[in-house]
Amino acid sequence: MKFEEFIANVEKWSEIRGFTDSDPKVQFLSCVEESVKEISEAKMNLDDSMLVDAIGDTAVTLVILEKQLHKKNGKALPGYSNLVDGSYIELMFGIGSIGAMLRRERWYDALEMVYFSRNSLEAFCKEEGFDFNECCKIAWNVIKDRNGMMVNGSYIKEADFTDAQRIAFSLREAHNGL
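Every chain is numbered on its own, with residues counted from 1 as its sequence reads. With pLDDT at 70 or above as the cut-off, local features in this predicted model cover only qualifying residues; side-chain atom pairs require 80 or more to be listed or tallied, and sums for whole chains, interfaces and linings still use all residues. Computation of side-chain values covers all heavy atoms of the structure but excludes hydrogens and water.

(A) Just the packing of aromatic side chains, in detail. For this analysis, a ring pair means two rings from Phe, Tyr or Trp (six-membered ring only for Trp) whose centres lie within 6.5 Å, classed as stacked if their planes differ by under 30 degrees, edge-to-face if by over 60, and tilted for the remaining angles. Taken as a whole and judged by the stated rule, the model has 5 aromatic pairs. Summarising the aromatic geometry, the rings of tryptophan 13 and phenylalanine 19 are spaced 5.4 Å apart at their centres and angled 25° between planes, so their arrangement reads as stacked. Each member of the pair, tryptophan 13 as well as phenylalanine 19, carries the same accessibility label: buried. What links up through ring pairs into an aromatic cluster is the set Phe3, Phe6 and Phe132. For the exposure calls, accessible area comes from a 1.4 Å probe over protein chains only, and a residue counts as buried if that area is under 20% of its type's maximum, exposed if over 50%, partly exposed in between.

(B) Quick peek at the pattern of salt bridges. For salt bridges, the criterion is a side-chain nitrogen of Lys or Arg within 4 Å of an Asp or Glu carboxyl oxygen. Evaluation of the coordinates by the stated rule reveals 5 salt bridges. Between lysine 71 and aspartate 21 there is a salt bridge whose closest N-O contact spans 2.6 Å. With a gap of 50 residues between them, lysine 71 in helix H3 (residues 48-73) and aspartate 21 in the loop between helix H1 (3-16) and helix H2 (24-45) connect regions that are remote in the sequence. Note on lysine 71: relative accessible area 44%, which makes it partly exposed. Note on aspartate 21: relative accessible area 63%, which makes it exposed. When the shortest N-O distance is used, the salt bridge between arginine 118 and glutamate 66 registers 2.6 Å. Of this pair, arginine 118 sits in helix H5 (residues 107-127) while glutamate 66 sits in helix H3, and the two are 52 residues apart along the sequence. Across the pair, glutamate 66 and arginine 118 agree in class, each one buried. The numbering of helices and of strands both runs from the N terminus, where a helix is a DSSP run of H or I of at least 4 residues and a strand a run of E of at least 2.

(C) The arrangement of the side chain of arginine 17 in detail. Among the structural elements, arginine 17 can be located in the loop between H1 and H2. There is no salt bridge for the buried arginine 17, and the closest opposite charge comes from aspartate 145, which lies 6.3 Å off by N-O distance. Only four residue types enter the tally: Lys and Arg on the positive side, Asp and Glu on the negative side, with His and both chain ends excluded.

(D) Molecular detail of the packing of H3 against helix H6 (residues 132-143). Axis definition: a line fit to C-alpha positions, over the contact stretch in the case of helices; interaxial angles, taken between N-to-C directions, run 0 to 180 degrees. Their axes nearest at 8 Å, the elements H3 and H6 cross at an angle of 75°. Classified by the angle their axes make, H3 and H6 are roughly perpendicular. Residues Val52, Ile55, Gly56, Asp57, Ala59 and Val60 of H3 touch H6, and the partners they reach there are Phe132, Cys135, Cys136, Ile138, Ala139 and Ile143. By residue class, the composition of the contact of H3 with H6 is 10 nonpolar, 1 polar and 1 charged. Throughout this description, any angle smaller than 35 degrees is read as roughly parallel, any larger than 145 degrees as roughly antiparallel, any in the 65 to 115 degree range as roughly perpendicular, and the remainder as oblique. When checking whether two residues touch, look at their non-hydrogen atoms; a contact exists if any pair is within 4.5 Å. Only Asp, Glu, Lys and Arg are considered charged in this grouping, and only Ala, Val, Leu, Ile, Met, Phe, Trp, Tyr, Cys and Pro are considered nonpolar; every other residue, Gly among them, is considered polar.

Scope: geometric values only; no functional claims are made or implied.
Written out as structure tokens, the structure reads:
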């Protein structure tokens, strides 16, 4: 799967589930969890399959965050293709910088740091000996059929619904024809 196809798939998937209209500050927290917690845990445990999954999940969260920031910023930025010689440290710096920009509601700057982080993630993946597109494909295959909904800016998986959320989800599905 080419990265452009991955982006298109994740953007469509996230729009259907209401991610793109949510607060980018909440999405940022998901990004931090994926990148810092899961990648670090995989590195410490020397678990390659966990690392591949965490890289793909981080790519998903960055694509969604990018889409949200485009909406907030109101204009598109040119993509940054291979401008950064990335590493884990650069990835952590980039993601930390996104948080600082979001706190100040500097949408354009946050979006630039999403691009920086995405390129750092791709470079980190290469340094670890993995194919970035394969990591993204694996992540896509895990999430593409996942159902859930946004509640107060956070994604709730269908398996974790309360009774009221289950009813709301059923109504949304009927309305969207899912």
